[in-house]
Amino acid sequence: MRRAPLATAGLIAIAVAAGGCGGSGHPATAPTTATSAAVATTAPTTGTATTAPTSVPVTTVTTAAASTTTVAPVTTSTTSSDRCTHLAIAVGQSEGAAGTIGVPLSFTNTGSTTCVLGGYPGVALLDASGAQAVQAARTGSPGSPVRLAPGAEASALLTGSDVPSGSATSCPSYPAALVTPPGSTSSEHVSLTADGGKGLPGCSTPQIRPVVAGSGG
């Protein structure tokens, strides 16, 4: 009769143990808490991501402003496209007065559209052997650029002195020159017929005036 209580006690112990195992299943609620923590952690991340795009419009505005400043070079290039690039260069009839010989250098527009020419041509005087001897100095103030229709002509006056200075009894003479039109980098060799076909006298540094409309320089 004393064994029955022991058996009952054993059953109670098993029930308690089973209850303990069932209680261990309740921590399944912990992932739910972890998930809530993860959501809470994601919220600040979302807030950070929202802050980043706020600075993007500022960069965009700066870029737009930079694009606006690039309009100026476009205008400059358009003006450059109006410059005369197809020109025929010729030497006009020389004239002399008060010891100065003048030779007009003409520039004729051989292109099919109207172009603009203004400023000074470059002139390198050549000696009898064809070597560059001296550069003509610019003189006079340039006026407004000349608009040349197809076939129209502009000119610049090249001058030299035939009066020796100091104890000199003679002066060099330049029978030819390399002429570079205004705004160009290409030169053309021309023969100078000034001073009776002897070339341009160089008792002083030759001078070149800016281009003007017409053929007289």
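Quick notes on the rules
Residues numbered from 1 in each chain as written. Predicted model: local features only at pLDDT ≥ 70, side-chain atom pairs only at ≥ 80, totals over all residues. Heavy atoms only, no water. Helix = DSSP H or I, 4+ residues; strand = E, 2+ residues; numbered from the N terminus. Contact = heavy atoms within 4.5 Å. Areas by Shrake-Rupley, 256 points an atom, 1.4 Å probe, with all protein chains shown as cover. pLDDT = per-residue confidence, 0-100. Pairing = 2+ DSSP bridges. Axes fitted to C-alpha atoms, helices over the stretch in contact; angles between N-to-C directions. Disulfide = S-S within 2.5 Å. Buried < 20%, exposed > 50% of the residue type's maximum accessible area, 1.4 Å probe, protein only. Polar contact = N/O pair within 3.5 Å; in protein donor to acceptor, adjacent residues only side chain to side chain.

A closer look at the overall build of the protein
Of the regular secondary structure elements, the protein holds four helices and 15 strands. Taking the contacts inside the protein whose residues are at least 6 apart along the sequence as the reference set, 73% of them involve residues at least 24 apart. Of the roughly 13200 Å² of accessible surface on the protein, a fraction of 61% belongs to carbon and sulfur atoms.

Topic: the confidence of the model for the protein
The predicted model of the protein averages 73 in pLDDT, with 62% of residues at 70 or higher. Note on residues 1-78: pLDDT under 50 across the span, and zero contacts to partners over four residues away in sequence or across chains.

Here's the deal with the sheet that holds strand 5 (residues 122-126)
Spatial strand order, 6-5-11-12: four strands in an open sheet with antiparallel pairing. The two strands at the open ends of the sheet, each matched to only one other strand, are strand 6 (132-135) and strand 12 (188-191). Averaged over all adjacent pairs, the angle separating strand axes in this sheet is 30°, with direction ignored. Judged from the five bridges that link them, strand 5 and strand 11 (residues 176-180) form a sheet pairing that is antiparallel. What sits directly across from Gly122, in strand 11, is Thr180.

Some remarks on the state of the cysteines
According to the stated counting rule, one finds two disulfides in the structure shown. The side chain of Cys84 participates in a disulfide bridge whose partner is Cys115; the two sulfur atoms lie 1.9 Å from each other. Its S-S torsion of approximately 90° makes the covalent link between Cys84 and Cys115 right-handed. Placement of Cys84 in the loop between helix 3 (71-81) and strand 1 (87-91) and of Cys115 in strand 4 (residues 115-117) is noted, with a sequence separation of 31 residues between them. The burial state of Cys84 is the same as that of Cys115; both residues are buried.

Side note on the pairing of strand 3 (residues 100-109)
On a regular strand, each side chain points to the face opposite its neighbour's, so the side chains alternate between the two faces of the sheet. A large share of strand 3 lies buried, amounting to eight of its ten residues. Relative to strand 3, strand 1 runs antiparallel, the two being bridged by five bridges. What sits directly across from Ala90, in strand 3, is Ser106. With three bridges joining them, strand 2 (residues 95-97) and strand 3 adopt antiparallel strand pairing. Note that in strand 3 the partner of Gly96 across the bridge is Ile101. Taking the residues that link successive antiparallel strands as the turn, the strand 2-strand 3 hairpin has two residues, and the phi of Ala98 there is positive, at about 55°.

Some thoughts on the side chain of Ser106
Here Ser106 is to be found in strand 3. Taking the relative accessible area as the measure of exposure, Ser106 reaches 9% and is therefore buried. Here the side chain of Ser106 touches Glu153 through a polar contact of 3.2 Å, side chain to side chain. Among residues more than four places away in sequence, those in contact with Ser106 are Ala88, Ile89, Ala90, Glu153, Ala154 and Ser155.

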